[in-house]
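Here are the chains, one letter per residue:
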Amino acid sequence: MPDRLRADLERRSLLRGEQRLVRTRSRQARRASRSARMWAGVAVLTPGVAVVEGTWGWLVVGAGALARAGLSWRQSRLSTPPPTVLPLPTAPLPSRLMLRGSAAAKPLYRGEAAMTALGTMLRALPAGPAAATVRAAMVPAAEVVDGLRFQAARVLACESAARAVADGDRRAEITRTLLELVGSMNAAVEGLDSMLAAASDLLASASASALALGPVGSLERQTASLRGFADGLRELMR
């Protein structure tokens, strides 16, 4: 399977997994919220029933219902999904048809694959400092991929302009701009590759009980370096 198709399939699989997780947690939160309201209603009614019937055992039922309402409310808070489960790119992705034969295709697909690989690594790690470090690394990585998508759109526009211009000198100017854009994309992807290498070392060193400090520090350094690429691409997107 070509790399571009594999990267696209992996990206779609990651997005579907995140969407399923959000939907599942939303359903759990709704059920827990309904249960909390129901038990709270029972707790409110039982004192009146106890007075009418003269049976103070209803107060025990009310206390139990109030405790159950509290547990359900807590469950609804825990089940409420965050706005985004993973830091993922948000910029629109150019279509595969537009990218076919474009110089922007290879660095863009490499960036998409790197983002997917980071998400896969995060899922493979137990909760703890290693997972927190990888999650923090995904934030600038997602910003870099957003920048790559934006740069890819500019490359496509320049390629279209180069095909339309008849004058050789003008076409050469457009080609120089095109090469600069692709060069910035390749530099950003190299930063993502370095981050992936550090994250792989961290994944190999992490366990549920112990964690080597060296790989964590290496990934944090690569994350700080990648933020520079993200800031540079963000400036171009303004």
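Nothing here was measured: the structure is a model prediction, and the numbers come from that model.

A. Structural detail: the overall build of the protein. Along the protein, the regular secondary structure elements total seven helices and zero strands. Of the regular secondary structure in the protein, the N- to C-terminal order runs α-α-α-α-α-α-α. Burial statistics for the protein: of 238 residues in total, 37% are counted as buried. The contacts in the protein between residues at least 6 apart in sequence include a share of 78% that link residues at least 24 apart.

B. Layout of the packing of helix α4 (residues 105-124) against helix α5 (residues 129-164). α5 packs onto α4 with a crossing angle of 160 degrees between their chain directions and a minimal axis gap of 9 Å. The orientation of α4 relative to α5 falls into the category roughly antiparallel. For the pair α4 and α5, the sense of crossing is left-handed. Where α4 abuts α5, its residues Pro107, Leu108, Gly111, Glu112, Met115, Leu118, Gly119 and Leu122 lie against Ala131, Val134, Arg135, Met138, Ala141, Ala142, Val145, Leu148, Arg149 and Ala152. The residue inventory of the contact of α4 with α5, partitioned by class, reads 13 nonpolar, two polar and three charged.

C. Looking closely at the environment of Met121. Topologically, Met121 is positioned in helix α4. Along the primary structure Met121 and Leu202 are separated by 81 residues, whereas in three dimensions their C-alpha atoms are 9.5 Å apart. Residues in contact with Met121, not counting those within four places in the same chain, are Leu196, Ala199, Ser200 and Leu203.

D. View of the pattern of salt bridges. Tallied over the entire structure, the rule returns four salt bridges. Close ionic contact of Asp193 with Arg110 constitutes a salt bridge, the shortest N to O distance being 2.4 Å. Pair noted here: Asp193 is in helix α6 (residues 168-205) and Arg110 is in helix α4, with a separation of 83 residues, a long-range link. Using a relative accessible area of 28% as the deciding quantity, one classes Asp193 as partly exposed.

E. Looking closely at the side chain of Asp146. Along the polypeptide, Asp146 turns up in helix α5. Summary of buried charges: Asp146 has no salt-bridge partner, and the nearest side chain of opposite charge, Arg149, is 4.7 Å away. Of note is the side chain of Asp146, whose polar atom sits 2.8 Å from the backbone nitrogen of Thr90.

F. Main features of the environment of Cys158. As for its position among the elements, Cys158 is in helix α5. Note: C-alpha distance between Cys158 and Thr175 (17 residues apart in sequence) is 7.6 Å. What Cys158 contacts, discounting residues up to four positions off in sequence, is Ile174, Thr177, Leu178 and Leu181.

G. Seen up close, the nonpolar core. Grouped together as the largest cluster of nonpolar side chains are 40 residues, with contacts concentrated most on Leu118 and Leu148. Sorting the residues of this core by element identifies α4, α5 and α6 as the ones contributing at least two each. At 15 residues, the largest contribution of residues to this core is made by α5.

The rules behind each value
- Residues numbered from 1 in each chain as written.
- Predicted model: local features only at pLDDT ≥ 70, side-chain atom pairs only at ≥ 80, totals over all residues.
- Heavy atoms only, no water.
- Helix = DSSP H or I, 4+ residues; strand = E, 2+ residues; numbered from the N terminus.
- Buried < 20%, exposed > 50% of the residue type's maximum accessible area, 1.4 Å probe, protein only.
- Contact = heavy atoms within 4.5 Å.
- Axes fitted to C-alpha atoms, helices over the stretch in contact; angles between N-to-C directions.
- Parallel < 35°, antiparallel > 145°, perpendicular 65-115°, else oblique.
- Left-handed = near helix turned anticlockwise from the far one by under 90°.
- Nonpolar A, V, L, I, M, F, W, Y, C, P; charged D, E, K, R; others polar.
- Salt bridge = Lys/Arg side-chain N within 4 Å of Asp/Glu carboxyl O.
- Lys, Arg positive; Asp, Glu negative; His and termini not counted.
- Polar contact = N/O pair within 3.5 Å; in protein donor to acceptor, adjacent residues only side chain to side chain.
- Core = buried A, V, L, I, M, F, W, Y, C linked by side-chain atoms within 4.5 Å.

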